[in-house]
Amino acid sequence: MNGQKMAGTARVFALIIVACQVLLVNASFQPALVLDMAQILLENYCFPENLVGMQEAIQQAISSGEILHISDRKTLAAVLTAGVQGALNDPRLTVSYEPNYTLITPPALQALPTEQLIRLIRNTVKLELMDNNVGYLRIDRIIGQETAAKLGRLLHDNIWKKVAHTSAMIFDLRFSTAGEISGVPYIISYFCDSEPLLHIDTIYERPTNTTKELWTMPSLLGERYGKRKELIVLISKRTMGAAEAVAYILKHLKRTIIVGERSAGGSVKVEKLRVGDSGFYITVPVARSVNPVTGESWEVTGVSPSVNINPKEGIAKAKSLIAVRKSILKAVQRVSDIIKQFYAFKDKIPALLNHFAKTDFITVISEEDLAAKLNYELQSVFEDPRLNIKTLRGSSDKEQELDTTLTTPSSFDNLNDSVFNLEILSGNIGYLLFDRFPTPTVLIELEDQIKEKVWQPVKDTENLIIDLRYNTAGSTEALPILLSYMFDTSSSTHLFSIYDSIQNKTVDYHTLRNISGPSYGSRKGIYVLTSYYTAEAGEEFAYLMQSLHRGTVVGEITSGTLLHSRTFPVEETSLGITVPVMNFIDIHGECWLGGGVVPDAIVLAEDAVERAHEIIAFHMHIPALVHEAGDLLEKHYTVAEVAAKARRLLQSKLTEGLYRSVVDYESLASQLTADLQETSGDHRLHIFNCEIEPESLHNVPKIPSAEEVGFIIDALFKVEVLPGNIGYLRFDMMEDIKVLRAIGPQLVKVVWHKLVNTDMLIIDLRYNTGGYSTAIPLLCTYFFDAQPLKHLYTIFDHSKRNATKVMTLPEVLGQRYGSQKDIYILTSHITGSAAEAFTRTMKDLKRATVIGEPTIGGALSSGTYQIGNSILYASIPNRAVLSAFTGKAWSVSGVEPHIAAQASDALNVAQKIISAKHQKKKSGK
C-alpha cells in the first residue's frame, strides 16, 4: 500500500474513532478513549503497515472537531464496524458494544488432563479402512504440537498406525472448525518425505512483533505416508482456521487434490480486546500467514477446491478420483512403452522418458485431463503434431477397402472413369485429373493402357497441370512410379526415404529407369492443384514436387493427413495414442511432420485452374528476366568477380528449377534478392518490383526559389547552443551540392553563424537516412584547415572504369570550424547512405568521435536499372569507395561507433563525455 493510501486509510479510521467518544460521555470530549482504540490497533493488528500515520490523523481530526452524532451505542458500533472494515478492507475487524461481556480465556489444550484429551480426540477424530486399501481419516480439530507430543504414542498406535499402510487416503476436513497453527507442521510432515525439509508457512504475530517460519519436521513417530501415495483432502464452507492452513499448504505443495467447496476464510489468530472501560470491544486479527510458495494466504478468501462439488458428495467423488489416479501411472507407463516401441524418432525417446519421470500429474482428475496433460508434455519434448493422445469413444480403425476393379487389368474405360481423366487444353497444356493414387500393382498391370492413354498424349505438351484437388487417398508406394515419368530417365533421381520403426529400417526411393511410357522430362513446367481435401498420398505427391523443385503447387493448404501413423489403445483406459511409425524424409534429410502442404500460390480451390494458367504465362518470362538481371550485375556492380559468381548462381538455380516456386513479380524479386545477397554478402544489392517507374531513374535535384529557401532551412536543420558553449546541429537529409550552394548565403547566416564560434560541436545524424553524396566534400571542408587540401576518399566507378580522388575544397562560404575543435557525430541504426558516408569519412580521418549505434551499411551510390521491359528493377551499388586512410574499400556492414550507446541516449552520452573532458582539463590532469 502506498503512502497516500495509508494516510487516507488512517484519516478515515480516525474520523470514525473520534465519533465513538461523542456518545461515551454525553458528547463531552475524551480524546484518551479515542487514542486507546488506536493504540490497540497499532499494537495488535497484523497489518501495521496499513496504519502508518493513523495517530497523526486522529490528532488532526480531534483538533478539527470532525465528529459523528449517533446516540445509540449499538448503532454506533455497527457504524464503526462498517467504517473500519471499509477503511482497512478487512472484514475480520469488528467493533461491538457489550457492557456486560466478560472475557473468558479457555485453558490451553495441552494443560488438560490426559483422560480429557483422549476423550476430546476420540470425539474429533474418525477413521475407517475402505475398499481397495483406501484409508479414511476425519479430523474436526487440529491439535497443537505440544498436545501432539504429549499424546504422541497414543495417537500413533490408535489412529495413525491404522491408516499409514493404506495405498491412498481420504483426509476429511469438512467439519474442522477449530485448531492450533502449531499442529500444522506435524500433519504436513506425515504427507512429505523426510528430506528435503520444506518451508511451508510464515506466521507474523503483531503483539510480540515476531515472525516464525514453519518447516516440515525432520523426524516423526512412526512411518510417514510420504509424497507418492494418493491423498484427497475434503473441505467445506465450515472448514476454518488451522484446517484451512493444512489444505492450502498441501494444495500448493502439489501434494493433494482438494475436493468440496471454498472454505470459510478464517484467520490464524483473532482476539477480542476491550477499549478502556467504555463497554466497547474491538475484534482484531493479531497474526497472519504468508505461504512461501504463493506469497499469499488462505485467510479471509479461503481455500478454493481443485474439484468443486457438494460436500455431501465428497467421499464418493474422492473414491472415484483415487480410482482414476491409480490408473494414471499405469497409463503413463503404457504410453511410454508404446512410444519406445513404435515412435519413428528413436533418438528423441530417452528425452521423453526422462521428462515423464519428472512430470507432476497432481492436477489430473479425469481421463480428459490426462490426455491434455500428456499431449502437452509430448509436444514440449517432440514438437511433433502427429503424436497425439485422445479419448476413444467407440471409434475403430477404418478398414481398408479392396477395390477389385483396380486389381486386375480391365478395360481402360473403367480405369479412365475411376482413376485418370486427361485433357489437352488451349496453349498446348496437358490437364491430368485423378482422385486417388492406385496401388503399384494396378499401375504395373495397366502400364500399357496408361502409356497409351496418358503419357503418350501428354508428352508433347509444353506444360502439365495435375489436379489433386479431390485426391483424398492412395498408396505411397505408387509415388516413385508416377514421379519417374516427370524426370529424365538418363539418371536415377533420389525422391524420398521412409524409415519404418517397426522393421527398424530405412528404404530409399528413386525414379525408375525402365518405365515403358515416354518421360515428360525434368524441364517442362508441372503445376499441381490442391485443396483442403487433398490428403495422404495426394499431399505427399504435392510435398515432393515442391521439395524436389519439380513443380509449382497452386490452390489451398492440404489436409495434413498422413498414412504413416497408427493408433494404439492405452490399456485400462478409454484413451488411444496415435504414433507415427514411419518417417517420410525428403532429399534434404528433413522429416515431414504433416500440417499440410502450403502452396506456392494460395488461392481458393475453385480458382486454382485459372491461377495456374496465369502462372504458366508468367513463368515463360522468367529465363529472360534472370538473364537480364545477370547482365546488369556484370555491367554495373562494383566487384566484377562477385558479379560473375552471382550471375552463375542465378543461371544454375534457374536450370535446377529453383524458380518454379515463384508465382509473380513480387515473389521473383524477393527470391532474386535473397540469392544475390547470399552470394555477394552485400545487403545493398536488391531487386524490387514497381508498377510506376522509380523516381531514382530521373531524380534531378530541384533548385529552390528564393521564397523556398527559408522553408528548406527550417525543415532540414535544427541548431542550438548548449550550456558550455557546445554547438548542436541536427539535419535529417543530405541535400545535393547544387541545392546547398543555392541556399548557401542564407544557410551560413541562419545556421552556421550560430555554431562556428562554439568550443565543440555535436552533429546529430541519428535520423538522417541519407540523400545525395555530392555535398559530402563541402560539409567535410568546414572541419579542416584550408591548406593543405585533405584527401577524403577515392571513388571507383565500375561502369566508367575510372577512379576519382575526392578532396576538401580550397574555398567555402563563411568561416571554417577548423581542424582543432572537437566534433561528435551521433548515429543510429537508420543512419545511412550519404549520411553514413560523411560519418565514415570523418571517422577514417580521425576528425570526429562517433557515438551511438552502428549505421545501416548503405551504399555511397547505387544505380537503379530496369530489368528488360518488366516492372522489375535492380538496385546495384555501382561505385566502390576507398578509404583515404587505409586505401581499402569501405565495408558494407556500416560504421561502428567509437562509443556504443542506445540512439535515444547518444546525446546524453556525448554531453557526459564532454563534461568529463572539461573537468579533467580543468583539474590539470
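Here goes a summary of the coordinates provided.

Cut-offs and rules
- Residues numbered from 1 in each chain as written.
- Predicted model: local features only at pLDDT ≥ 70, side-chain atom pairs only at ≥ 80, totals over all residues.
- Heavy atoms only, no water.
- Helix = DSSP H or I, 4+ residues; strand = E, 2+ residues; numbered from the N terminus.
- Buried < 20%, exposed > 50% of the residue type's maximum accessible area, 1.4 Å probe, protein only.
- Contact = heavy atoms within 4.5 Å.
- Areas by Shrake-Rupley, 256 points an atom, 1.4 Å probe, with all protein chains shown as cover.
- Pairing = 2+ DSSP bridges.
- Axes fitted to C-alpha atoms, helices over the stretch in contact; angles between N-to-C directions.
- Phe/Tyr/Trp six-rings, centres within 6.5 Å; stacked < 30°, edge-to-face > 60°.
- Lys NZ or Arg CZ within 6 Å of the ring centre and 35° of its normal.
- Salt bridge = Lys/Arg side-chain N within 4 Å of Asp/Glu carboxyl O.
- Expected span 1.5 Å × (residues − 1).
- Arc of directions from axis to C-beta.

## Let's talk about the overall build of the protein
Each helix and strand in the protein was counted, giving 26 helices and 39 strands. Every one of the 925 residues in the protein was classed for burial, and the buried ones make up 50%. Taking all contacts inside the protein whose residues are at least 6 apart in sequence as the whole, residues at least 24 apart take part in 76%. A total of about 43800 Å² of accessible surface is found on the protein, and carbon and sulfur atoms cover 52% of it.

## So, the sheet that holds strand S25 (residues 575-580)
Judged by pairing direction, the sheet is antiparallel, and its 3 strands sit side by side in the order S14-S25-S24 without closing on themselves. The open sheet terminates on both sides in strands that have one partner only, identified here as strand S14 (388-391) and strand S24 (565-569). Shown here is a sheet whose adjacent strand axes are inclined to one another by a mean of 25°, direction ignored. Against the sheet, helix H10 (residues 314-342) touches S14, S24 and S25, its axis set at about 20° to S25. In the packing of helix H12 (residues 367-382) onto the sheet, contacts are made with S14 and S25, and the angle to S14 comes to roughly 170°.

## A closer look at the sheet that holds strand S36 (residues 862-866)
Pairing is antiparallel in the open sheet, where 3 strands are placed in the order S28-S37-S36. Single-partner strands in this sheet number two, and they are strand S28 (686-689) and S36. Strand after strand, the sheet turns through a mean of 25° between neighbouring axes, direction not considered. Pairing geometry for S36 and strand S37 (residues 872-877), over 5 bridges, is antiparallel.

## So, the environment of Tyr509
As for its placement among the helices and strands, Tyr509 is situated in strand S21 (residues 505-510). Relative accessible area serves as the criterion here: at 21%, Tyr509 is assigned to the partly exposed category. Setting aside chain neighbours within four positions, we find Tyr509 in contact with Pro480, Thr493, His494, Leu495, Phe496 and Ile498.

## Overview of the packing of aromatic side chains
Per the stated rule, a full pass over the model turns up 30 aromatic pairs. Where Trp160 meets Tyr190, the ring centres are 4.8 Å apart and the plane angle is 55°; that geometry is what we call tilted. Remark: Tyr190 occurs in helix H8 (residues 184-190) and Trp160 occurs in helix H7 (residues 152-163); sequence separation between them is 30 residues. Tyr190 carries the same exposure label as Trp160, and that label is buried. On the basis of an interplanar angle of 5° and a centroid distance of 4.6 Å, the ring pair of Tyr543 and Trp592 is categorised as stacked. Placement of the pair is Tyr543 in helix H17 (residues 537-547) and Trp592 in the loop between strand S26 (582-585) and strand S27 (601-602), with a sequence separation of 49 residues. As far as the burial class goes, Tyr543 and Trp592 line up, both buried. Counting every residue linked through ring pairs, the aromatic cluster contains Trp160, Phe171, Tyr186, Tyr190, Phe191 and Tyr225. The side chain of Lys272 reaches across the aromatic face of Tyr281, ending 5.9 Å from its centre. Lying over the aromatic face of Tyr520, Lys524 brings its terminal NZ or CZ to 4.2 Å of the ring centre.

## Things to note about the pattern of salt bridges
Pairing is possible between side chains of opposite charge, provided their charged atoms come close. Following the criterion strictly, the structure yields 23 salt bridges and no others. We note a salt bridge from Lys330 to Glu572, for which the minimum N-O separation is 3.9 Å. On the criterion of sequence distance, the pair formed by Lys330 in helix H10 and Glu572 in the loop between S24 and S25 is long-range, its members being 242 residues apart. Taking the shortest distance from any N to any O, the salt bridge between Lys453 and Glu452 comes out at 4.0 Å.

## Quick look at the environment of Val528
Mapped onto the fold, Val528 is located in strand S22 (residues 525-530). Residue classification places Val528 among the buried residues on the basis of a relative accessible area of 0%. In this structure the C-alpha to C-alpha distance between Val528 and Val553, which are 25 residues apart in sequence, comes to 4.7 Å. Not counting the four nearest positions on each side in its chain, Val528 is found in contact with Ile466, Leu468, Phe541, Ala542, Met545, Thr552, Val553 and Val554.

## Some thoughts on helix H15 (residues 447-458)
Between its first and last C-alpha atoms H15 spans 15 Å; for 12 residues at 1.5 Å apiece the expected length is 16 Å, and the two agree. Restricting attention to buried positions, one finds in H15 the residues Ile450, Val454, Trp455 and Val458. Angular distribution of buried residues about the axis of H15 spans 80°; they occupy a single face of the element. Across H15 from its buried face, at more than 90 degrees, point the exposed residues Asp448 and Glu452.

## Re the pairing of S21
One ladder, built from 6 bridges, connects strand S20 (residues 494-500) with S21; its direction is antiparallel. Bridge assignment links His494 to a residue of S21, and that residue is His510. Counted between consecutive antiparallel strands, the loop separating S20 from S21 contains 4 residues, among which Asn504 sits at a positive phi close to 55°.

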